Amino acid sequence: MHTHTMDVRPSPRRALLLALVLLMSACKTPSATGGGSSPGHSSGSSSGQGRNEDVPQGDPFPSRPSVEARKDAQADQALAQAIQQAETAPRKQAAEAFLAVRKAYPQTTAGQEALYRAGVLFYDSQDYVNARKTFNELLFENPLHPQATEAKRRLGRAALEVGAFRDAYQTLYSLAERAEGAERIQLLEDSVKAAEKAGLYGQALRISVDLAGNAQTPEAQQAAVARVQQLVEGRAGFMDVAEIMEELSPANPAWPVLSFKLARIYYHLRDWTRLEEQLNRFLAEAPNHPFAGQARELLARATRRVDVQTKTVGVLLPLSGRYKAVGEAVLRGIKLALAGSDIELVVKDTQGDVNVTGQAMEQLAFDEGAIAVLGPITVDESRRAALLAEELQVPLLTLTRQEDITGIGPFVFRNMLTNSAQARAIADFAMKQKGFKSFAMLYPNMTYGVELANDFWDHVVANGGQVRGAETYDHDQTTFTTEAKKLVGRYYLEDRLDYIEGVREVQKETTGQDAFRRRKAMEKMKGNVEPIIDFEAIFIPDEWKRVSLVAPALAVEDIVTNACDARDLERIRKTTGRKDLKTVMLLGTNAWSSGKGASGLPELVERGGKFVTCSVYVDGFFVDSQRPATQRFVKAYRQANPGDPGLFEAYGYDSARMVRQLLESKQAPKSRGEFRESLANVKDFDGATGKTSFDEKREARKPLFLLSVSNKGVTEVPPEQSAALGGS
């Protein structure tokens, strides 16, 4: 690059460059080795897009001839004849004639001249493949050939034509470094094309900046600047931009484009000090540039980042799209919680789209000055919002089930029922309140079922218990005979000694009898094989519809689950003759919750009947709870909305109530940092979903609702009564 387009200035950007190098060291392209001085060689980086390729460098041809050509009279005569023939013959035929001379006299000056002339003819006839082959051979043998420069020029352009873009760039740029005037400009423009198509965007950017600074006409300058702008938008890496800007003078017509791009890089890196410095310099040097309006807007936005509206709360929810119903449910709870307050709610529809979520999060932080944000609820949206919340240091109270979301950073909080919390709560109830030590599991082969089964198993083992059996089934399965048989050891009977002994006894007793009698005796013996019930409870993490089908299948295999029904237990004892009847409790998750059926009872009870009675499941909210805070919420909700609230309304309500409590306190937070500290210190907040406290990981901890199923419906299990439920 010509010196008059660059100046070396002491600048804070050098410190930035070091920071960028360290930040991107994991993805930076390794430096190539070799001679030459093509653009960007000092960094060895290309596009900044994750490429892991060496950048072509230097002259690709040897500096000394590898073949010592000699004069030869016969060869010279043969060349003269080929030249005379070429004047009238077609180009391809003429080229073949020159190659024949080359083949006959390979180590002569005439042979090399014939090789050059053949290459020219191939090139002029647009046979670029043979042109490359011919020129490469010539230049490898004799890089000092009198027509070496022209051979390289044609070789580079032939490589460009056949798609060998990296070779084309290397050859053309090495020529441009030694050329002058219009020829240099043309070679540089060809080099840019080759570098772009080879993915060497950093090199293409450097050359384009050079062309812009040395353009001789307004049209050429405009074209070069347009190419620079195209390259910095999603192609050239920000390391390339930062390095070029280190030396670039504002006099270069491309300077405003690169300067504004660098400012946007600072914005995405959240380097506010350098962002403001860069934007101020841009506006001072190019106040009338087309980007000046955007620069002023970005500067104002950056300045507003610390302007917090202490009574403004943002909300990110999907109010359209696939999750619209869930988003609306949460919003109803939030609005109910803030009714009558002077808190301004700024609601953004995420549409279930992570990109929209990111834009909305930035708007709430920069444009609305929100002191905190509630939501989102889906996994991907919440992760995007959490990453931005941490970058912008805006407290985020998300309502997603995604595990470990708060691990993103200290500004991320979560208040929502999770799979791990459910598994822990139901396992604690069974082991610590009921005293159970052995369990079985039946679970659907889907993410929800597998995660809960694993969490439950881990918690049981961690507390000294055992899982004696675990069977999985398809998520859309409707019959469960096989799984029930496997659970009690009636499926693989050939592995049981008592069954083998039974077979021998039947064979002995039916000796001499007909086949029908023998078969009947065998079936009777098989049906009398006792189930192996070496567990005290069965965990079924599935929806209530499936549970109402699973429970009767267990009864068929003599697994008695209605342990709290004394009359039915007595009837079973008399029918089976078993005095020491063993019972098993069914345990479930919030997916067991069902709406009211035609009888007014939960549909789980209507469909499952006695087979699901005496079961216990866990939930994050129970509309009929007798907890005072829950009752107050339900009453207020029914007055403001038709129907009953559910889990999402309740969690939205509690989250907003916590925010309101902090903002209306005597020592209300005045900054986002103060709000974060206040929220982290929330302890025993008495809400609709229970008494909530945030732990050291900013996860909401609360006692969940343990719900007991009876033939009269579903009721909450008070702690003092839970030990009296069911069991053997």
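Residues numbered from 1 in each chain as written. Predicted model: local features only at pLDDT ≥ 70, side-chain atom pairs only at ≥ 80, totals over all residues. Heavy atoms only, no water.

Observations regarding the overall build of the protein chain
Alright, step 1. Scanning the protein chain for helices and strands turns up 28 helices and 15 strands.
Alright, step 2. A burial count over the protein chain gives 52% of its 728 residues as buried.
Alright, step 3. The contacts in the protein chain between residues at least 6 apart in sequence include a share of 67% that link residues at least 24 apart.
Alright, step 4. Surface exposure of the protein chain reaches about 34000 Å², of which carbon and sulfur atoms provide 48%. (Helix = DSSP H or I, 4+ residues; strand = E, 2+ residues; numbered from the N terminus. Buried < 20%, exposed > 50% of the residue type's maximum accessible area, 1.4 Å probe, protein only. Contact = heavy atoms within 4.5 Å. Areas by Shrake-Rupley, 256 points an atom, 1.4 Å probe, with all protein chains shown as cover.)

Notes on the packing of helix α27 (residues 647-663) against helix α28 (residues 672-680)
Alright, step 1. Two elements in contact, α27 and α28, have axes whose closest approach is 11 Å; the angle formed by their N-to-C orientations is 120 degrees. With respect to α28, the element α27 is oriented oblique. α28 is crossed by α27, and the crossing has right-handed handedness. In contact with V659, L662 and L663 of α27, α28 contributes F675, S678 and L679.
Alright, step 2. A class-by-class count of the residues in the contact of α27 with α28 yields five nonpolar, one polar and no charged. (Axes fitted to C-alpha atoms, helices over the stretch in contact; angles between N-to-C directions. Parallel < 35°, antiparallel > 145°, perpendicular 65-115°, else oblique. Left-handed = near helix turned anticlockwise from the far one by under 90°. Nonpolar A, V, L, I, M, F, W, Y, C, P; charged D, E, K, R; others polar.)

A closer look at helix α23 (residues 544-556)
Alright, step 1. Here α23 spans 19 Å end to end across 13 residues, near enough to the 18 Å set by a 1.5 Å rise per residue.
Alright, step 2. If you check which residues of α23 are buried, you get W544, R546, V547, S548, V550, A551, A553 and L554.
Alright, step 3. The elements touched by buried residues of α23 are β6 (438-444), β7 (466-473), α20 (481-487), β8 (537-539), β9 (585-588) and α25 (603-608). (Expected span 1.5 Å × (residues − 1).)

Topic: the nonpolar core
Alright, step 1. Grouped together as the largest cluster of nonpolar side chains are 74 residues, with contacts concentrated most on L205, L258 and L275.
Alright, step 2. With nine residues, helix α12 (residues 255-269) is the single largest residue contributor to this core.
Alright, step 3. With residues near it in sequence (within four places) discarded, L275 still touches A263, Y266, Y267, L298 and A302.
Alright, step 4. Formed by 66 residues, the second largest nonpolar core is a distinct cluster that contains V313, L374, A423 and A656. (Core = buried A, V, L, I, M, F, W, Y, C linked by side-chain atoms within 4.5 Å.)

A short note on the sheet that holds β6
Alright, step 1. Pairing is mixed across the open sheet formed by seven strands, whose spatial order is β7-β6-β8-β9-β10-β14-β15. Both edges of this open sheet fall to β7 and β15 (713-716), since each of them pairs with a single strand only. Between one strand and the next, the sheet's axes are offset by a mean angle of 25 degrees, whatever the strand orientation.
Alright, step 2. In this sheet, β15 lies alongside strand β14 (residues 705-710) in antiparallel orientation, the contact comprising four bridges. When the bridges of β15 are listed, L707 appears paired with E716. (Pairing = 2+ DSSP bridges.)

Quick look at the sheet that holds strand β13 (residues 700-701)
Alright, step 1. Read from one edge to the other, the open sheet built from three strands follows the order β11-β12-β13, with strand pairing classed as antiparallel. The strands lining the two open edges of the sheet, one partner per strand, are β11 (685-687) and β13.
Alright, step 2. Two elements, strand β12 (residues 690-694) and β13, share two bridges in a ladder whose sense is antiparallel. Paired with F694 across the bridge in β13 is A700.

Examining the pairing of strand β1 (residues 309-317)
Alright, step 1. Note: β1 against strand β3 (residues 370-374), four bridges, orientation parallel. Across the sheet, Q309 pairs through a bridge with A370, a residue of β3.
Alright, step 2. In terms of strand pairing, β1 meets strand β2 (residues 344-349) through six bridges, oriented parallel. Considered in β2, the bridge of V315 is made with V347.

Some remarks on the packing of aromatic side chains
Alright, step 1. Using the criterion set out here, one finds 20 aromatic pairs in the structure.
Alright, step 2. Ring geometry for Y267 versus W272: centroids 6.0 Å apart, planes at 80 degrees, classification edge-to-face. Comparing Y267 with W272, the two get one shared label, buried.
Alright, step 3. Grouping aromatic residues by their ring pairs yields a cluster made of F621, F633, Y637, Y653 and F705. (Phe/Tyr/Trp six-rings, centres within 6.5 Å; stacked < 30°, edge-to-face > 60°.)

Things to note about helix α22 (residues 515-527)
Alright, step 1. For α22, built from 13 residues, the straight-helix expectation of 18 Å at 1.5 Å per residue is met to within 8% by its first-to-last C-alpha distance of 18 Å.
Alright, step 2. Sitting at the amino-terminal end of α22 is D514, which places a side-chain oxygen 3.1 Å from the backbone nitrogen of F516. (Polar contact = N/O pair within 3.5 Å; in protein donor to acceptor, adjacent residues only side chain to side chain.)

Some remarks on the pattern of salt bridges
Alright, step 1. One pass over the structure, following the stated rule, counts 42 salt bridges.
Alright, step 2. R154 is the partner of E150 in a salt bridge, and the nearest nitrogen-oxygen pair spans 2.9 Å. One end of the pair, E150, and the other, R154, are both in helix α6 (residues 148-162), four residues apart, so they sit about a helical turn from each other.
Alright, step 3. Given the relative accessible area of 16%, R154 is considered buried.
Alright, step 4. Across the pair E276 and R305 runs a salt bridge, and its minimum N-O distance is 2.9 Å. (Salt bridge = Lys/Arg side-chain N within 4 Å of Asp/Glu carboxyl O.)

Concerning the packing of helix α4 (residues 109-124) against α6
Packed helix pairs are specified by the crossing angle of their axes together with the interaxial distance, meaning the distance between the axes.
Alright, step 1. Orientation of α4 relative to α6, taken along the N-to-C sense of each, is 35 degrees, at an axis distance of 11 Å. Read as a crossing pair, α4 and α6 show a hand that is left-handed. Along its contact with α4, which presents Y116, V120, Y123 and D124, the element α6 presents E150, A151, R154, R157 and A158.
Alright, step 2. Grouping the amino acids of the contact of α4 with α6 by side-chain chemistry returns five nonpolar, no polar and four charged.

Focus: the environment of G358
Alright, step 1. Summarising the element assignment, G358 is placed in helix α16 (residues 354-367).
Alright, step 2. Along the backbone, G358 and A386 are 28 residues apart, and their C-alpha atoms lie at a distance of 9.5 Å.
Alright, step 3. Not counting residues within four places of it along the chain, the set of residues in contact with G358 comprises R384 and L388.

Some words on the side chain of R270
Alright, step 1. Take R270: it is sitting in the loop between α12 and α13 (272-285).
Alright, step 2. Among the polar contacts listed, one links the side chain of R270 to the side chain of E362, at a separation of 2.9 Å.
Alright, step 3. If near-sequence neighbours (up to four positions away) are discounted, R270 is found in contact with E362, F366, L388, E391 and L392.

Considerations on the environment of P250
Alright, step 1. Considering the arrangement of structural elements, one finds P250 in the loop between α11 (238-247) and α12.
Alright, step 2. A residue is classified by how much of its surface remains accessible, and P250, at 24% relative accessible area, is partly exposed.
Alright, step 3. When near neighbours in sequence (up to four residues on either side) are disregarded, P250 contacts W255, R281 and E285.

Focus on the confidence of the model for the protein chain
Segments scoring low in pLDDT should not have their predicted coordinates read at a detailed level.
Alright, step 1. Chain-level pLDDT for the protein chain is 88 on average; 89% of the residues reach the 70-or-more range.
Alright, step 2. In this model residues 722-728 is a low-confidence stretch, pLDDT under 50, and it forms 23 contacts with partners more than four residues away in sequence or in other chains. (pLDDT = per-residue confidence, 0-100.)

Description of unusual backbone geometry
Alright, step 1. Going from G375 to P376, the amide bond is cis rather than trans, its omega being -5 degrees.
Alright, step 2. Turning to its location among the elements, P376 is positioned in the loop between β3 and α17 (379-392).
Alright, step 3. Backbone geometry at Q393 places phi at a positive 60 degrees, although glycine is not the residue there.
Alright, step 4. Checked against the element boundaries, Q393 lands in the loop between α17 and β4 (396-398).
Alright, step 5. With a phi angle near 55 degrees, D684 is a residue other than glycine that sits in the positive phi range.
Alright, step 6. For D684, the location among the structural elements is in the loop between α28 and β11.
Alright, step 7. D684 sits in the exposed class, given a relative accessible area of 53%.

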